[in-house]
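So you can see what is in the structure, the chains are spelled out below.
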Amino acid sequence: QVQLVESGGGLVQPGGSLRLSCAASGVSGIIFSRSTMGWYRQAPGKQRDLVAVIGSGGNTNTADSVKGRFTISRDNAKNTVSLQLNSLKPEDTAVYYCKMNAGFVYWGQGTQVTVSS
């Protein structure tokens, strides 16, 4: 059974940084390396939006709202994908979800990021 577990969320002041990680289990390294991995976020009362995605070849795509501040990366040897969040703003407050597209789509349970002074 495939599971995605996010970690690294928390409370941070505006201008601060966090690093989110998503660990995939129940999937082989080959399948993981061929999967497209993404980070999404959902603020209260809003839809879930794409933050950043990284393909099997390492190509990335980042939402305009976080471009230059957030960076997605993957470690295929560890079946993990990470999201570095810098220069955080209050509007970045949301639950952040990890998604794996390996033909089938899997979601993690989410990790809360709160940006507040």
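**A look at the overall build of the chain**
- Secondary structure assignment for the chain yields one helix and eleven strands.
- In sequence order, the chain lays out its α and β elements as β-β-β-α-β-β-β-β-β-β-β-β.
- Here the C-alpha atoms of the chain give a radius of gyration of 14 Å, agreeing with the 13 Å that 2.2 N^0.38 yields for 117 residues.
- When its C-alpha atoms are laid out on the principal axes, the chain stretches across 40 × 25 × 25 Å.
- The proportion of buried residues among the 117 residues of the chain is 40%.
- If you sum the accessible surface of the chain, you get close to 6100 Å²; carbon and sulfur atoms cover 48% of it.
- Side chains of the chain give 11 positive and 6 negative charges; the mean places of these two sets differ by 5 Å.

**Some words on the side chain of Thr62**
- Here Thr62 lies in strand 6 (residues 60-62).
- Since its relative accessible area comes to 17%, Thr62 is described here as buried.
- Residues contacting Thr62, with those up to four places away along its chain left out, are Val51, Ala52, Lys67 and Phe70.

**Thoughts on the sheet that holds strand 7 (residues 70-75)**
- One open sheet holds the four strands; their spatial order is 1-3-8-7, and the pairing between them is antiparallel. This sheet does not close on itself; its edge strands, each paired only once, are strand 1 (3-7) and strand 7. For this sheet the average axis-to-axis angle between neighbouring strands, irrespective of direction, equals 15 degrees.
- In terms of strand pairing, strand 3 (residues 18-25) meets strand 8 (residues 80-85) through six bridges, oriented antiparallel. The residue of strand 8 that forms the bridge with Cys22 is Val81.

**Structural notes on the state of the cysteines**
- Scanning the model with the defined rule gives one disulfide in all.
- The disulfide bridge from Cys22 ends at Cys98, spanning 2.1 Å between sulfur atoms. Between Cys22 and Cys98, the S-S torsion sits near -80 degrees, and that sign places the bridge as left-handed. Placement of the pair is Cys22 in strand 3 and Cys98 in strand 9 (residues 94-102), with a sequence separation of 76 residues. In terms of burial, Cys22 and Cys98 fall into one category: buried.

**Let's talk about the pairing of strand 5 (residues 49-54)**
- By the bridge criterion, five bridges tie strand 4 (residues 36-42) to strand 5 in an arrangement that is antiparallel. In the strand pairing of strand 5, Tyr40 is matched with Leu50.
- A loop of six residues connects strand 4 with strand 5, the two strands running antiparallel in sequence, and Gly45 in this loop sits at a positive phi of about 75 degrees.
- Pairing between strand 5 and strand 6: three bridges, direction antiparallel. Residue pairing across strands places Val53 opposite Asn61, the latter belonging to strand 6.
- Between strand 5 and the antiparallel strand that follows it, strand 6, lie five residues; Gly58 among them carries a positive phi value of about 90 degrees.

Thresholds applied
- Residues numbered from 1 in each chain as written.
- Predicted model: local features only at pLDDT ≥ 70, side-chain atom pairs only at ≥ 80, totals over all residues.
- Heavy atoms only, no water.
- Helix = DSSP H or I, 4+ residues; strand = E, 2+ residues; numbered from the N terminus.
- Rg over C-alpha atoms; globule rule 2.2 N^0.38 Å.
- Buried < 20%, exposed > 50% of the residue type's maximum accessible area, 1.4 Å probe, protein only.
- Areas by Shrake-Rupley, 256 points an atom, 1.4 Å probe, with all protein chains shown as cover.
- Lys, Arg positive; Asp, Glu negative; His and termini not counted.
- Charge placed at Lys NZ, Arg CZ, Asp CG, Glu CD.
- Contact = heavy atoms within 4.5 Å.
- Pairing = 2+ DSSP bridges.
- Axes fitted to C-alpha atoms, helices over the stretch in contact; angles between N-to-C directions.
- Disulfide = S-S within 2.5 Å.

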